[in-house]
Amino acid sequence: MSTIRAALLVGTTLAFMPVAAHAQVEDAPAKDAGQEAETGGLRPIIVTAQRREESLQDVPLAISALDSQRITESGFNDVEDLSSAVPNLNISALWGTSSPKVFMRGIGNNNFNQTAESKVAIYLDQVYLSAPSGQLFQMYDLERIEVLRGPQGTLYGKNATGGAISVYSKLPEDYLEGYVRAGYGNYDAFETEGAVTLPMGDTVSMRVAGTYQRRDGYVTDLGTGEKVNNIDQWAARAILRWQPSSDVDIRLNVHGGGSDTTHNNSVHRGIFDPAQLALGNTVKLPGDAIVDGQGVDIFGYRDPNPDPYVNTYEGPTFANIDLFGVSLVGDFTFGSGYTLTSVTGYETSQRSVLQEGNGAPSTIFTINWGPSDFESISQELRLSSPSGDAFSWVIGGFLFHERGEVDNFYNLTDASFALGGIEAFDQFYVQSTDTYAAFAQAELEITDRLNLTLGGRINYEKRDLDHSSFGTDRNGTNLLPGPLFDINLQESWTEWSGRAALSFDFSDDIMGFVSINRGFTSGGFNTGAFNDPVGALKIYDPEIVISYEAGLRTSLFDKRVQFNVTSFLYDYSDLQVFTFTAGGLQFIENASDASIMGLEFELQALVTDNFEVGGSLGLLDSEYKNFIRSNAGVTEDLSGNRLIGAPNSQFNLYGRYTIPTEIGDFVLRGDFTYTGNRYYDERELVELSSEGSTVNLDARLAWTSRDEATEVALWAKNLTNEVNIIDVVEVGLFGYQNVWYNTPRTYGFSVGYRF
């Protein structure tokens, strides 16, 4: 039995062991922060993961939540930063802010095309964000973040096989308050953030918030002498809140943002044996030799710079993103506590990215992603019964429409000899998606300790695609009599998802649960097939996951310690696998079944009134099953290999120490993250991996005045200046890899004032 499997077995046993000896009586599950502070315990976090306000420790789900203090002190700027705070969550932005890759418990999407919906659903103030270019938004002026792990088939049913991330903005209250903060750091970094709540009468208030960040690049382009991988982005939000009575709460949210940077450029790494290439043979080197930098590409080029932050590129790049959205959320309470909630959302994202596709002076592969324009409209209605009843329920419906228009230009001028003289491909497609769903979830209090939860959702999704591609020269002039292909596809799918759970209160402070969940990710089209007429016609079906979970939630020692453990087993069928072939062909297919076992520990402890520690540990054991792949006449049996982006272990640890003085409080905080080796390809090749485990250490020292109005902070990210590989993509036909590295050490200071 492997170490991981043994740990999972032990963890599953622990999940059912009541530790009643440490139990303390809790008067009410939703005490406010002031009440909890009187007992000297940890601050409670109230979440709405089940569409009701509940204490985090009372929710029978695998959920992590971060409040506004944790978000600010950890220096989180966007969704990518959550990887350092949530077990078994890995988010990378190798394509910059335009296309994040989100993996949770080994489930994610390796597809970098704009129609690639994440398998971890992302919500902003209850509105589903589908387009990748709109998901890695900046985080500022937030109330909390909720991360739900595992398939969320009932209440978050849109392609949420991996989980759901819900971000909640701070809402305006009925009094004047706000803050402003500004900071400066290395690489000439500047950032500012602020917010203010403006009462506008007895029933109306408004909160306006915004942020701006800029930073020079940290990668030197020897071709131009310029710095690339910079930051220049902004975001703003205005929330108008109307509360004509205690039974009506309506929020109009208008938000937007933009980014204008160089693309997140990669490093070039050759894979061919230079001696064999001199003889006219293209032979791939062993993995260790590729990692050591001994390889060359099809032109015999080897990157002469061992420093991963120094490179030579074919030309300048850019990444421009513009986002805009409007949402209207209303809660209406009537009768004896029934609540009707309406969530209406409109989101648009525009993306234009010029990617230096091979990280070298030649033009083997330069891609102009865009312009692309995605527009979505969504409507959700929920009716919930009064809270606190022995039998409670939520029913609802969800409508969603999205239209995406994409125009991509793939420039392969220097490699035209391998393409019959074609220098480029001009790809254009329009995809429309319509989704309709109805759902219901009920909770029955069988006894005063035992609760049953049942939920289900029926989903219908239809997609249409108009997809064409042209073989051109470098200037876009068509070299063929007509299009390479011009197709119209339409497909629809009907699938169900759901949840069944039993939770038991061993005491007022200890709760255990078991559950079965079924989730799915919808099927779709291969829009990445820009030069492959056969692949462009392929339609892939939905993938299905059934999850079995057991968990324990505890609050111990007068609520000074919270310890949670969750074990899970996933049974995957028709797994959607994204393949990037040696010749640059891209396609998704239902290639495999899979199984994933996992164990998650989360700990938060108030050791003394001034010393808080916490952390999480995630363990995974994942493997493909029945995965036989044939490509270019080669058949591979990939069964038993680990899933892409699924490390065997991940460890997060933080410590927070407060030193009270007569002039105010000094707070020292450190956050450490360890992530095991990850593979970026199904074949488990060392040269297509993170090349071992990675670590990261962040630190912050802050002084807050006695009236808590003024704060001055010093901070550092990646304090030990670790160099980590965050992703690798191989283009085998032309003999090179794109390797993306993490951001080197950054540091700076900030000054803030709260009123």
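Because the structure is predicted, anything quoted here is derived from the model rather than measured.

Thresholds applied
Residues numbered from 1 in each chain as written. Predicted model: local features only at pLDDT ≥ 70, side-chain atom pairs only at ≥ 80, totals over all residues. Heavy atoms only, no water. Helix = DSSP H or I, 4+ residues; strand = E, 2+ residues; numbered from the N terminus. Buried < 20%, exposed > 50% of the residue type's maximum accessible area, 1.4 Å probe, protein only. Polar contact = N/O pair within 3.5 Å; in protein donor to acceptor, adjacent residues only side chain to side chain. Pairing = 2+ DSSP bridges. Axes fitted to C-alpha atoms, helices over the stretch in contact; angles between N-to-C directions. Salt bridge = Lys/Arg side-chain N within 4 Å of Asp/Glu carboxyl O. Core = buried A, V, L, I, M, F, W, Y, C linked by side-chain atoms within 4.5 Å. Contact = heavy atoms within 4.5 Å. Patch = residues over 30% accessible without salt bridge, like charges linked within 9 Å, V, L, I, M, F, W, Y side chains within 5 Å. Areas by Shrake-Rupley, 256 points an atom, 1.4 Å probe, with all protein chains shown as cover.

## Overview of the environment of glutamine 355
With respect to the helices and strands, the residue glutamine 355 is situated in strand S21 (residues 338-356). On the basis of relative accessibility, which here comes to 4%, the residue glutamine 355 falls in the buried class. The spatial distance from the C-alpha of glutamine 355 to the C-alpha of glutamine 213 is 22 Å, given a sequence separation of 142 residues. For glutamine 355, the side chain forms a polar contact with the side chain of tryptophan 369, separated by 2.7 Å.

## Observations regarding the sheet that holds strand S9 (residues 142-149)
Within the open sheet, the 5 strands sit side by side as S3-S9-S10-S7-S8. Their pairing is mixed. Both outer strands of the open sheet, strand S3 (63-67) and strand S8 (127-129), are each paired with one neighbouring strand and no more. Sheet twist, expressed as the average angle between the axes of neighbouring strands with direction ignored, equals 20°.

## Some details on the pattern of salt bridges
With the rule as written, the count across this model stands at 36 salt bridges. One salt bridge connects lysine 284 with glutamate 730, and the closest N-O pair in it is separated by 3.1 Å. Of the two residues, lysine 284 is situated in the loop between helix H4 (274-278) and helix H5 (287-291) and glutamate 730 in strand S40 (residues 725-731); the sequence distance between them amounts to 446 residues. Given a relative accessible area of 32%, lysine 284 falls into the partly exposed group. In this structure, a network of salt bridges that share partners links the residues Arg70, Glu73, Arg656, Arg669 and Asp671.

## Regarding the nonpolar core
Within the largest apolar cluster, 32 residues are counted, with the highest numbers of intra-cluster contacts made by Ile364, Phe365, Tyr410, Leu412, Phe425 and Phe734. Contributions of two or more residues to this core are made by H5, strand S22 (366-384), strand S31 (561-580), S40 and strand S41 (736-741). Counting residues per element, this core draws most heavily on S40, at 3 residues. If near-sequence neighbours (up to four positions away) are discounted, isoleucine 364 is found in contact with Asp297, Ile298, Phe299, Asn358, Asn411, Leu412, Asp414, Ala415, Phe734 and Tyr736.

## Comments concerning the pairing of strand S36 (residues 649-661)
As paired strands, strand S33 (residues 611-625) and S36 are joined by 9 bridges and run antiparallel to one another. Residue pairing for S36: glycine 618 is matched across the bridge by glutamine 650. In this structure, S36 lies alongside strand S37 (residues 664-675), joined through 12 bridges in antiparallel fashion. For glutamine 650, the partnering residue across the bridge sits in S37 and is threonine 675.

## Topic: the sheet that holds strand S19 (residues 310-311)
Pairing in this open sheet of 3 strands is mixed, and the strands run S15-S14-S19 from one edge to the other. Each having just a single partner strand, strand S15 (227-228) and S19 make up the two edges of the open sheet. The pairing of strand S14 (residues 219-221) with S15 spans 2 bridges and is classified as antiparallel. Looking across to S15, one finds that valine 219 is bridged to valine 228.

## Here we look at a nonpolar patch on the surface
On the surface, Tyr184, Phe190, Tyr657, Ile659, Ile663, Phe666, Leu668, Leu701, Val712, Leu714, Phe749 and Val751 cluster together into a nonpolar patch covering about 1,100 Å² of accessible area. Elements supplying a minimum of two residues to the nonpolar patch: S36, S37, strand S39 (710-717) and strand S42 (746-754). Mapped onto the secondary structure, tyrosine 184 falls in strand S11 (residues 177-185).

## Looking at unusual backbone geometry
Backbone geometry at aspartate 125 places phi at a positive 50°, although glycine is not the residue there. Structurally, the position occupied by aspartate 125 is in the loop between strand S7 (120-124) and S8.

## As for the side chain of threonine 673
Along the chain, the position of threonine 673 falls in strand S37. Separated by 3.4 Å, the side chains of threonine 673 and asparagine 652 make a polar contact. Beyond its immediate chain neighbours, meaning those up to four positions away, threonine 673 contacts Ser83, Ser84, Phe651, Asn652, Thr694, Val695 and Asn696.

The values reported here are purely geometric and, on their own, carry no functional implication.
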